[in-house]
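Chain and residue survey
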Amino acid sequence: MSSYLKANAGVADNPGDVELTNEELEALLLSDLQCVFPGPAAEKMRVSSETYDQTLGSAHRKVAEAIWKGRAVKINGDSHRFAGLETYRCGYCGRIWRLPRGADYPGECPRCGSGYVCRH
Ligand SMILES: [Zn+2]
């Protein structure tokens, strides 16, 4: 069974959630996806290389924590959950939603109230 990182706006905030700042997101993008060297990356973000290092370091820590502890990552107020979610689908109206793994099996669809709910 695999877990996916997916946008999941339906999950309420949890105290353990980690929140990535816009700066941390940008540092991750520059460093890990665009492979920009630290010097030019810091320039691009208009911060000192020391600040860039700190920002990237804390971004990496937060992402690692989210993966290893199954926490949600909050990005601009939305939660992106790395692990521990189950997807359900209403067989009647087609509504799809997610609940934390281990939560009670939903008895009815949150939209139409039908009891025809299956795991997606
Ligand atoms: Zn439904």
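Heads up: the structure comes first, above all this text.
Residues numbered from 1 in each chain as written. Predicted model: local features only at pLDDT ≥ 70, side-chain atom pairs only at ≥ 80, totals over all residues.

Further remarks concern the environment of L99. Its location among the elements puts L99 in strand 6 (residues 96-100). When the C-alpha atoms of L99 and L85 are compared, they prove to be 5.5 Å apart, with 14 residues separating the residues in sequence. When near neighbours in sequence (up to four residues on either side) are disregarded, L99 contacts L85, E86, Y88 and P106. (Helix = DSSP H or I, 4+ residues; strand = E, 2+ residues; numbered from the N terminus. Contact = placed C-beta atoms within 7 Å.)

Moving on, we come to unusual backbone geometry. Positive phi outside glycine occurs at C35, with the angle close to 50 degrees. Mapped onto the elements, C35 comes out in the loop between helix 1 (22-33) and helix 2 (38-45). C35 gets classed as exposed once you count the C-beta atoms within 10 Å, which come to 8. (Buried ≥ 20, exposed ≤ 12 C-beta atoms within 10 Å, placed from the backbone.)

Our next topic: the packing of helix 2 against helix 3 (residues 49-69). One can describe the packing of helix 2 onto helix 3 by two numbers: an axis separation of 9 Å at closest approach and a directional angle of 95 degrees. If you check the angle between helix 2 and helix 3, you find them roughly perpendicular. Between helix 2 and helix 3, the contacting residues are P38, G39, A41, A42 and M45 on the first element and S49, Y52 and D53 on the second. Each residue belonging to the contact of helix 2 with helix 3 can be placed in one class, and the counts come to five nonpolar, two polar and one charged. (Axes fitted to C-alpha atoms, helices over the stretch in contact; angles between N-to-C directions. Parallel < 35°, antiparallel > 145°, perpendicular 65-115°, else oblique. Nonpolar A, V, L, I, M, F, W, Y, C, P; charged D, E, K, R; others polar.)

Considering soluble globular proteins, one finds that nonpolar side chains tend to be buried as a cluster. Formed by L20, A27, L30, A41, A42, Y52, L56, A59, A66, A72 and V73, the largest nonpolar core amounts to 11 residues. Among the secondary structure elements, those contributing two or more residues to this core are helix 1, helix 2, helix 3 and strand 3 (72-75). When residues in this core are grouped by element, the largest group, four residues, is from helix 3. Beyond its immediate chain neighbours, meaning those up to four positions away, A42 contacts V47, S48, S49 and Y52. (Core = buried A, V, L, I, M, F, W, Y, C linked by C-beta atoms within 7 Å.)

Read these as spatial facts, not as claims about activity.
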